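Summary of the model geometry
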Amino acid sequence: MRMWRQLPSIGLVAVLGLAGPAGAVEGTRAFFPALDAERGRLVINGATDIEAMEPLIRDFQLTARDVAIDYTDYVTNELYHDADIACRLQQPFGDLLLSSSVDQLVKLANDGCALQHVSPETGSVPAWANWRDEVFGFTFEPSVMVYHKDFVPPEDVPHTHGELTDLLRFKPDYYRGRIGTYDLRQSGIGYLLAFLDAQQASTTYGRLLESLSRAQAVLRCCNNAVLSELDSGNVYIGYNILGSYAYAASRRNAKLRIVLPRDYTLILSRGALVPVGAKRRDLAGRFLDYLLSERGQEVAREKAFFFSWNGALPAEVDGPAKLVESGIGRPIRIGPALLAAQDRLQRSRFIDDWTKLIVDTPVRLRPN
């Protein structure tokens, strides 16, 4: 079932008015009229919240005043599903795709569903964030832990994956039903981060899964759904949340605090792809170049995604000043290695194993 609903083209303010306290509703559509007489319309389908994209879209339109933008926000799996079908049926599906599930974009490109785009801006993209001039990373987003300071005392704040595991093991009653994370059956980015967690440290990941199971983790489809639970106090700790969304939520609610895990922190670069059926390939290229430009990156750092490769961490974020230089940061390389995450048999087996442990296993309390 399609998970977005079309809204009248009455401007972004009305769309964002549907948002809860933790941010924009995932699964909405917004229309950004051209600033001058419209001469072109760019259709973007993105698994990226409208709230995060708004500053970038509006600033781009200052450089392209005759371009209107029609933006639809999907959840990751729905975006991939619809893009894959459109590609196989040789039907159009927007002019530009944006997704945090870069493995899904790599799979689309590998299946012949992407157009190449080469420009001076793409030439400056680091090799780890550019695959075959078809999939480009345009953000720098660590995967973080978020906690509500009213419910998590300082001595309980976890700073590593192992510490989170031990916290849930030794204080099961207090944190039961109070840990939020993705439902891998619904979330493409949740699946990708879990898959990479298992590769980073399989033993640690296995112990963490067991602890999440015993703690009866609250499972949600999306970043903002988990953050909404945190904002309301229904959940005390959120695991594997993208730093950009977490930081935006913490600016709205100062009681939400962010920790970058000290053993390792996965770093995602949100991806962009021009699909083969793009009707306005020229406008897609212009917007992609803007995202990759110095101007676009500055807007992204200051108003949209907050973290950057070379910049210091945003204020109040608990982590090393220089994430990559510290050795803690582990950038997710956009390339063929991600195809392993999208291997159908392996993906099915991984999610089935996760489901059996997290969803289907009855809770058996053990003495500490």
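Scroll up a little and you will see the structure.
The model shown is predicted, which means the values in this text are computed figures rather than measured ones.

Points about the environment of Leu-227
- Of note, Leu-227 is situated in helix 10 (residues 223–232).
- Taking C-alpha positions, Leu-227 is 17 Å from Arg-176, a pair spaced 51 residues apart along the chain.

Some points on the packing of aromatic side chains
- One pass over the structure, following the stated rule, counts 17 aromatic pairs.
- Taken together, a centroid distance of 6.2 Å and an interplanar angle of 80° make the contact between Tyr-175 and Tyr-236 edge-to-face. Of the two residues, Tyr-175 is situated in helix 7 (residues 172–175) and Tyr-236 in the loop between helix 10 and strand 11 (237–242); the sequence distance between them amounts to 61 residues. The two residues Tyr-175 and Tyr-236 agree in class, both being buried.
- Considering the side-chain rings of Phe-287 and Tyr-290, the 6.2 Å spacing of their centres and the 35° angle between planes classify their relative orientation as tilted. Of this pair, Phe-287 and Tyr-290 both sit in helix 12 (residues 281–292), separated by three residues, roughly a single helical turn.

Section: the pairing of strand 2 (residues 40–47)
- Counting buried positions along strand 2 yields six of eight residues, so the element is predominantly enclosed.
- Here strand 2 pairs with strand 3 (residues 67–73) via seven bridges, running parallel. What sits directly across from Val-43, in strand 3, is Asp-70.
- As a crossover connection, the stretch from strand 2 through helix 2 (residues 50–63) into strand 3 is right-handed.
- Where strand 2 lies against strand 4 (residues 96–99), four bridges are found, and the strand directions are parallel. Paired with Ile-44 across the bridge in strand 4 is Leu-96.

Focus: the nonpolar core
- With 121 residues, the main nonpolar core has Met-53, Leu-56, Ile-69, Leu-98, Ile-237 and Phe-287 as its most contacted residues.
- A total of eight residues in this core trace back to one element, the largest contributor, which is helix 8 (residues 188–200).
- Apart from the residues within four sequence positions on either side, Ile-69 is in contact with Ala-30, Phe-31, Phe-32, Leu-42, Ile-44, Ile-57, Phe-60, Gln-61 and Phe-287.

Examining the state of the cysteines
- In total, this model carries two disulfides according to the counting rule given.
- Between the sulfur atoms of Cys-87 and its disulfide partner Cys-113 the distance amounts to 2.1 Å. Here Cys-87 and Cys-113 share a disulfide; its torsion about the S-S bond, -90°, makes the bridge left-handed. Of the two residues, Cys-87 sits in helix 3 (residues 76–88) while Cys-113 sits in the loop between helix 4 (102–110) and strand 5 (114–115), which places them 26 residues apart along the sequence.
- Exposure remark for Cys-87: the relative accessible area of 15% places this residue in the buried category.
- Classification of Cys-113 as buried rests on a relative accessible area of 5%.
- With a sulfur-sulfur separation of 2.0 Å, Cys-221 is cross-linked through a disulfide to Cys-222. The disulfide joining Cys-221 to Cys-222 has a torsion of about -80° about its S-S bond and is therefore left-handed.
- The partly exposed category is assigned to Cys-221, whose relative accessible area is 22%.
- Its relative accessible area of 6% is what places Cys-222 among the buried residues.

Criteria and cut-off values
Along each chain, numbering runs from 1 in the same order as the chain's sequence is written. pLDDT decides what is reported in this predicted model: residues at 70 or higher carry local features, side-chain atom pairs at 80 or more are listed and counted, and totals for whole chains, interfaces and linings draw on all residues regardless. Excluded from the side-chain calculation are hydrogens and water; included are all heavy atoms of the structure. Helix and strand definitions follow DSSP, with helices as H or I runs of at least four residues and strands as E runs of at least two, each counted in order from the N terminus. Pairs were defined over the aromatic rings of Phe, Tyr and Trp, the Trp ring being its six-membered one, requiring ring centres within 6.5 Å. Orientation was assigned from the angle between planes: stacked under 30 degrees, edge-to-face over 60, tilted for the rest. Accessibility here uses a 1.4 Å probe with only protein chains present; expressed as a share of the type maximum, an area under 20% marks a residue as buried, one over 50% as exposed, and anything in between as partly exposed. Only when DSSP finds a minimum of two bridges between them are two strands counted as paired. Crossovers are described as right-handed under a simple rule: with the strands pointing away from the observer, the path leading from the first strand over the helix to the second runs clockwise. We call a set of buried residues a nonpolar core when its members are Ala, Val, Leu, Ile, Met, Phe, Trp, Tyr or Cys and they connect through side-chain atoms within 4.5 Å of each other. Only heavy atoms enter the contact rule, under which two residues are in contact if any of them lie within 4.5 Å. Working definition: a disulfide is two cysteine sulfur atoms within 2.5 Å of each other.

Nothing here speaks to function; it is geometry throughout.
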